Amino acid sequence: MTELPLASQPAPRPRPASQLRSFSLKLYRITILLLIVWLIRDYYIRIRVQGQAPIELREVKEILPHAESLSVDHSDRMGLFILDQSNQTIGYAIRTSPISDEIIGYCGPTDTLIVFDQKTGKVSGLAIRSSGDTTSHVNDVRANQYFRDRWKEYSWDQIAKLDLERGEIEGVSGATMTSMGLAYAIRHRIRYSQKQEQAVTPFRFEFKDTVLIMFATGACLLTFTRLKRIHWLRKVFKIAAFIYLGFITGDLLAESLFAGWAKYAVPWRQLSGLVLLAGTAILVPWSTRRNVYCQSLCPHGTAQEFLGRLIPHRKKWKIRPDLKRALRWIPGLLLALILIIIFLRLPVDLAELEAFDAYLLTSAGIASIVIAISGLIASLFVPQAYCHFGCPTGTIFEFVRSHGRADHFGKSDFVAGLFLIMALILNQYAEVIQQLLLQ
């Protein structure tokens, strides 16, 4: 039998074990990233729901004795699910502060806890947590059982529809203004949540979104099709992205952008083009092994690439392996610092930790400009110096990037696990750490 020439032999099929390892690592990496984002989101929702004086379990137990734990509701109701020993929801708790703080009774606002029963949907009880009103008036309201029991006749929706102006809730004699201020605050608090739930941000699609989608599509075409062989087209595309993304719109992907989305929401209705660009930057390398954003779209990466060609290769600096390994820790340390800043709510602008804000010439900070210029100068002697040794955003894209059958659990995967543990600790104990720092 004639043996086939080596060049025409079929490529060996990937082993099931290597395929499983590659899939497991891809799943691990995207899960780590999503969990850290969720922990940031959960923390900031908890801050918005609980405010400066968070509802404590002991307060709820006085109304629902079977309450064993509280869980933050991520919906626009902005309350707490009340869970029993079996982790089943038995009620729901909200407070009027800070949403209703502008409603004054006699001389100040009153922060009231309202607890709803899960089975009936009606109020189980309420309690005054604190008040800026006259102490004697507040004590009169606390002591009036009839006033407090009257609320037990109403559900969430019924409270929103209360006609307090026509006396559906009667004030406490001798403390009428304080008690009615409390009633108006409760109604306002629930109406506010209902408006938030019903509000739908209109979908807005502008010319800029079209251009961003075109750039994302173009980067993929220049990466996965025969167009990648047309070198002049790649150069023109990179220059266009450099000018448009860097100087015209400033729509660069950065940690400050991703942190804002994690803390609040992904604005896909208002900034669909930018959201799609971000999705491309994360999902394409995760699924195809090609980092299209860093290679084709990032203005700072393009600037380094073109500057690097000004100096012949023989004059480039050769970095010692041990120093190179040390420098590669810088983006990871920056990511750790960014997590600390986010959770401890430190007064540090995340844009100042990266080079990208420097392209917005009218609003760039000094630190960002210094980082950008330093990176560009370094790129003359070390190819893509900032990309390799200073960019936390690019490090995330590189972390999620698949390496196919050759993939293995490496240092970056171990460090990512440590980041997740760090985020878990900060999510639970950020307030305690803040108090220790203030002492």
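Residues numbered from 1 in each chain as written. Predicted model: local features only at pLDDT ≥ 70, side-chain atom pairs only at ≥ 80, totals over all residues. Heavy atoms only, no water.

Identification of the protein chain as 4Fe-4S binding domain protein from Gimesia panareensis is taken from an unreviewed UniProt entry.

Draft legend 1. Region of interest: the overall build of the protein chain. Counting its secondary structure elements, the protein chain contains 18 helices and five strands. Against the 2.2 N^0.38 benchmark of 22 Å for 439 residues, the protein chain shows a C-alpha radius of gyration of 28 Å, more extended than a compact globule. Structurally, the protein chain occupies a C-alpha span of about 100 × 60 × 45 Å along its principal axes. Out of the 439 residues belonging to the protein chain, those deemed buried represent 45%. Within the protein chain, contacts between residues separated by at least 24 positions form 66% of all contacts whose residues are at least 6 apart in sequence. In the structure as shown, the protein chain presents an accessible area of about 24200 Å², 62% of it carried by carbon and sulfur atoms. (Helix = DSSP H or I, 4+ residues; strand = E, 2+ residues; numbered from the N terminus. Rg over C-alpha atoms; globule rule 2.2 N^0.38 Å. Buried < 20%, exposed > 50% of the residue type's maximum accessible area, 1.4 Å probe, protein only. Contact = heavy atoms within 4.5 Å. Areas by Shrake-Rupley, 256 points an atom, 1.4 Å probe, with all protein chains shown as cover.)

Draft legend 2. The arrangement of the packing of helix α14 (residues 329-344) against helix α17 (residues 392-400) in detail. At a minimum axis separation of 9 Å, α14 and α17 run at an interaxial angle of 105°. When the interaxial angle is binned, α14 and α17 end up roughly perpendicular. In this structure, α14 contributes Pro331, Leu334, Leu335 and Ile338 to the contact, and α17 contributes Pro392, Thr395 and Ile396. Of the residues that constitute the contact of α14 with α17, the class distribution is six nonpolar, one polar and no charged. (Axes fitted to C-alpha atoms, helices over the stretch in contact; angles between N-to-C directions. Parallel < 35°, antiparallel > 145°, perpendicular 65-115°, else oblique. Nonpolar A, V, L, I, M, F, W, Y, C, P; charged D, E, K, R; others polar.)

Draft legend 3. The arrangement of the side chain of Ser155 in detail. Within the secondary structure, Ser155 is located in the loop between α4 (145-150) and α5 (156-160). The class for Ser155 is buried, based on a relative accessible area of 17%. What Ser155 contacts, discounting residues up to four positions off in sequence, is Phe116, Gly121 and Lys122.

Draft legend 4. Representation of the pattern of salt bridges. Here the structure, examined in full by the defined rule, presents 19 salt bridges. Residue Glu305 is joined to Lys238 by a salt bridge in which the shortest nitrogen-to-oxygen separation is 2.7 Å. Here the residue Glu305 occupies a position in helix α12 (residues 299-308), and Lys238 occupies one in helix α8 (residues 231-248), the gap between them amounting to 67 residues. Its relative accessible area of 8% is what places Lys238 among the buried residues. Each of Glu59, Arg95, Asp111 and Arg129 takes part in one network of salt bridges that share partners. (Salt bridge = Lys/Arg side-chain N within 4 Å of Asp/Glu carboxyl O.)

Draft legend 5. Highlighting the nonpolar core. If you look at the biggest cluster of nonpolar residues, it comprises 67 residues, and the most contacted ones within it are Ile36, Ile40, Leu253, Tyr293, Leu297, Phe343 and Phe419. Setting aside chain neighbours within four positions, we find Ile36 in contact with Leu339, Phe419, Leu420 and Ala423. Judged by nonpolar contacts, the second largest core, of 25 residues, contains Phe116, Val138, Val172 and Ile186. (Core = buried A, V, L, I, M, F, W, Y, C linked by side-chain atoms within 4.5 Å.)

Draft legend 6. Spatial organisation of a positive patch on the surface. Side chains of Arg226, Lys228, Arg229, Arg289, Arg290 and Arg405 sit close together on the surface and give a patch of like positive charge. Along the polypeptide, Arg226 turns up in the loop between α7 (207-224) and α8. Looking at Arg226, the relative accessible area reads 68%, which means it is exposed. (Patch = residues over 30% accessible without salt bridge, like charges linked within 9 Å, V, L, I, M, F, W, Y side chains within 5 Å. Lys, Arg positive; Asp, Glu negative; His and termini not counted. Charge placed at Lys NZ, Arg CZ, Asp CG, Glu CD.)

Draft legend 7. Quick peek at the sheet that holds strand β4 (residues 110-117). Taking strand neighbours across the sheet as the criterion, the five strands line up as β1-β2-β3-β4-β5 in an open arrangement whose pairing is antiparallel. Both outer strands of the open sheet, β1 (69-72) and β5 (123-131), are each paired with one neighbouring strand and no more. On average, each strand axis in the sheet is tilted by 25° relative to the strand beside it, whichever way the strands run. In this structure, strand β2 (residues 80-83) lies alongside strand β3 (residues 89-95), joined through four bridges in antiparallel fashion. Bridge pairing in β3 links Phe81 to Tyr92. Strand contacts of helix α1 (residues 16-50): β1, β2 and β3, with the helix running at about 110° to β1, the strand carrying the most contacts. The strands that helix α6 (residues 176-198) touches are β3, β4 and β5; relative to β4, the one it contacts most, it runs at about 60°. (Pairing = 2+ DSSP bridges.)

Draft legend 8. Quick look at the pairing of β2. Pairing of β1 with β2, which is carried by four bridges, proceeds in the antiparallel orientation. Along β2, the bridge assignment pairs Val72 with Leu80. The turn joining β2 and β3, which pair antiparallel and follow one another in sequence, is formed by five residues; a positive phi near 65° is taken by Asn87.

Draft legend 9. Quick peek at helix α3 (residues 135-143). His137, Val138 and Val141 are the residues of α3 that are buried. Looking down the long axis of α3, one finds its buried residues gathered within 100° of arc, a one-sided arrangement. In α3, the exposed positions that point more than 90 degrees away from the buried face belong to Thr135 and Ala143. (Arc of directions from axis to C-beta.)

Draft legend 10. Layout of the UniProt feature "transmembrane region" (unreviewed entry) in the protein chain. Mapped onto the present numbering, the UniProt feature "transmembrane region" (unreviewed entry) falls on residues 210-227, 239-262, 268-286, 326-346, 358-382 and 414-430. This span, residues 268-286, is 79% helix and 0% strand, and a straight line between its end C-alpha atoms measures 21 Å. With 56% helix and 0% strand, residues 358-382 has its two end C-alpha atoms placed 21 Å apart. (UniProt positions renumbered as here; feature names shortened; annotations may be inferred.)

Draft legend 11. Quick peek at a nonpolar patch on the surface. A grouping of Phe409, Phe414, Leu418, Ile421, Ile425, Tyr429, Val432 and Leu436 is seen on the molecular surface, where their side chains present a nonpolar patch of about 810 Å² in accessible area. For Leu436, the location among the structural elements is in helix α18 (residues 411-438).

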